[in-house]
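This is what each chain is made of:
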Amino acid sequence: MERRQILKYVAAVTGTAICAPLTGALLSGCDKPVKTSQRPIAPLGKDGQFFDAKALQDLSRIMDVILPKTSTPSASDVNVHLIMDNMFAKVFKPNYQQGFLTNFNALNDWLVTQGFAAATTSDQIKLLTQLEQSKQPKAASMAYLDIKQQTIAYYLSTEEIAEKHLNYLPIPGGYTPHISVQEVGGKAWAE
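Residues numbered from 1 in each chain as written. Predicted model: local features only at pLDDT ≥ 70, side-chain atom pairs only at ≥ 80, totals over all residues. Heavy atoms only, no water.

### Quick look at helix α5 (residues 121–134)
In a regular helix each residue adds 1.5 Å, so 14 residues correspond to 20 Å; α5 covers 20 Å between its end C-alpha atoms and thus fits that length. For α5, the complete set of buried residues consists of Gln124, Leu127, Leu128 and Leu131. The buried residues of α5 all sit within an arc of 90° when viewed along its axis, so they share a single face. Residues of α5 that are exposed and angled more than 90 degrees away from the buried face: Lys126 and Gln133. (Helix = DSSP H or I, 4+ residues; strand = E, 2+ residues; numbered from the N terminus. Expected span 1.5 Å × (residues − 1). Buried < 20%, exposed > 50% of the residue type's maximum accessible area, 1.4 Å probe, protein only. Arc of directions from axis to C-beta.)

Have a look at this one:
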């Protein structure tokens, strides 16, 4: 048997092993319709599917402190806040949505009392670092850590960042083993 044929078989078996459980999970999630009274829905603004316009603005402001514009675009430049809004509207379960909204409201209340919106960028960084390190108030800290984690994940997986600012190898492509970091521009690889 040829090497190419073996690779095709391995890819088919691996793909089936991964796709079958994923497809089953997706389809099982479709069997129970969610009643609108059970689903916590934030008031819709003109820009959001789940969050209202003010919440999206607040998310965007926090995300831009986490990932500001430098030689790469900021988080809001690549619409990470809209990706998060879409995930909350279409993917996350109602109990997670409700818990996040509760924590996010606590975070917003804390940020308002600290004057976050009017603060300079360096003061905003200090406030968020203080919140992350102190873990107080707990709900606000949990919301911030959740936003930070999602911001980084969604940012790195956007098309613009993956293709223009990270090493990107489209599939199919050649495989070159044993290369130095200098040969690939010293950048991390896109996922």
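### Remarks on the pattern of salt bridges
Here the structure, examined in full by the defined rule, presents 4 salt bridges. Ionic pairing is found between Lys54 and Asp58, a salt bridge with its closest N-O pair at 2.8 Å. Remark: Asp58 and Lys54 occur in helix α2 (residues 53–66); sequence separation between them is 4 residues, near one turn of the helix. With a relative accessible area of 9%, Asp58 lands in the buried category. Among the ionic pairs, Glu132 bridges to Lys148, the shortest N-O distance being 3.0 Å. Remark: Lys148 occurs in helix α6 (residues 138–156) and Glu132 occurs in helix α5; sequence separation between them is 16 residues. (Salt bridge = Lys/Arg side-chain N within 4 Å of Asp/Glu carboxyl O.)

### Some words on the packing of aromatic side chains
Across all of its chains, the model carries 10 aromatic pairs by this definition. Aromatic pair Phe51 and Phe88: ring centres 5.2 Å apart, planes at 65°, arrangement edge-to-face. Taken together, the positions of Phe51 in the loop between α1 (3–28) and α2 and Phe88 in helix α3 (residues 80–90) put the pair 37 residues apart, joining distant regions of the chain. Ring pairing ties together the aromatic residues Phe50, Phe51, Phe88, Phe92, Tyr96, Phe100 and Phe104, which thus form one cluster. (Phe/Tyr/Trp six-rings, centres within 6.5 Å; stacked < 30°, edge-to-face > 60°.)

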